[in-house]
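If you want the building blocks of each chain, they are given just below.
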Amino acid sequence: MKYKGISLWQPWATLVIDRQKTIETRTHDLFGSLKGQDIFIHAAKKFDNYGEACADHYLGGRTIWTNTNCPMGVILGIVHVQDFRRLTNEDSRDALIDCGTTLRYGLILTNVRKFEKPIPCRGKQGIFTVDIEDGIIIPERLTKNNNTEQLKLELL
């Protein structure tokens, strides 16, 4: 079965999987097709210092994420996209970023299922696909390179 997924810079991906960020934002409405679906959250190999500062602001100084303690280049888990809509200032806390002064659209995320062990996988901009067969995750990027490595699906 194929699942769609999105790559997020760190610490955003970890914040989603740790249930501290329940709205993933974009300045475009291209992710509307994900509404109602379960998707993978992939942690890109890039760390966003601005993201760390935003999270720190909205979470009251409780964040300690750095580019050395956030896993990168891995799938962290699965979430359900309950809704996709234009955001308002009232969404800022759940998105961990200002949604009042910049036009933003959001994926409203629920039912977070964190993997026990992050799964190495190359990400991609936009929406990408991951294949699961018989409880085994086969990242499409790996299979395109004829890599036979198969990764077990382990949820916490």
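Cut-offs used in this document
Residues numbered from 1 in each chain as written. Predicted model: local features only at pLDDT ≥ 70, side-chain atom pairs only at ≥ 80, totals over all residues. Heavy atoms only, no water. Helix = DSSP H or I, 4+ residues; strand = E, 2+ residues; numbered from the N terminus. Buried < 20%, exposed > 50% of the residue type's maximum accessible area, 1.4 Å probe, protein only. Contact = heavy atoms within 4.5 Å. Areas by Shrake-Rupley, 256 points an atom, 1.4 Å probe, with all protein chains shown as cover. Polar contact = N/O pair within 3.5 Å; in protein donor to acceptor, adjacent residues only side chain to side chain. Salt bridge = Lys/Arg side-chain N within 4 Å of Asp/Glu carboxyl O.

Participant: Can you help me understand the overall build of the protein in this one?
Facilitator: Along the protein, the regular secondary structure elements total four helices and eight strands. Of the regular secondary structure in the protein, the N- to C-terminal order runs β-α-β-β-α-β-α-β-β-β-α-β. The buried share of the protein, taken over its 156 residues, is 45%. For the protein, the proportion of contacts with a sequence separation of at least 24, taken over those separated by at least 6, is 78%. With the model as given, the accessible surface of the protein reaches about 8,300 Å², and the carbon-plus-sulfur share is 47%.

Participant: Even after reading the chapter, I still don't get unusual backbone geometry, so can you show me in this structure?
Facilitator: With the exception of glycine, most residues fall at negative phi, and the peptide bonds are largely trans. Each neighbour pair has its own omega, and for Gln10 with Pro11 the value is 5 degrees, a cis peptide bond. Here Pro11 lies in the loop between strand E1 (2-10) and helix H1 (12-17). The backbone phi angle of Arg19 is positive, close to 65 degrees, even though this residue is not glycine. The residue Arg19 is located in the loop between H1 and strand E2 (23-26) in this model. Here the phi dihedral of Leu96 falls at roughly 60 degrees; this positive angle occurs in a residue that is not glycine. Within the secondary structure layout, Leu96 lies in the loop between helix H3 (92-95) and strand E5 (105-120).

Participant: Please clarify how the side chain of Glu24 should be interpreted in this entry.
Facilitator: Along the chain, Glu24 turns up in strand E2. Of the polar contacts made by the side chain of Glu24, one reaches the side chain of Arg26; its length is 2.4 Å. Apart from the residues within four sequence positions on either side, Glu24 is in contact with Ile6, Leu8, Val16, Tyr105, Gly106, Leu107 and Leu109.

Participant: Honestly, the pattern of salt bridges in this entry has me stumped. Any pointers?
Facilitator: Working definition: two side chains of opposite charge can pair if their charged atoms are close together. One pass over the structure, following the stated rule, counts six salt bridges. Residue Asp18 pairs with Lys114 through a salt bridge whose shortest N-O separation is 3.4 Å. Of this pair, Asp18 sits in the loop between H1 and E2 while Lys114 sits in strand E5; the two residues are 96 residues apart in sequence, bridging distant segments of the chain. Asp18 gets classed as partly exposed once you look at its relative accessible area, which sits at 30%. One salt bridge in this structure joins Arg113 and Asp38, with 3.2 Å as the shortest N-O distance. In this pair, Arg113 sits in strand E5 while Asp38 sits in strand E3 (residues 38-47), placing the two residues 75 residues apart along the sequence. Overall, Arg113 belongs to the partly exposed group, its relative accessible area being 23%. By relative accessible area, which is 25% here, Asp38 ends up partly exposed. In the salt-bridge network here, residues are joined through shared partners; they are Lys21, Glu24 and Arg26.

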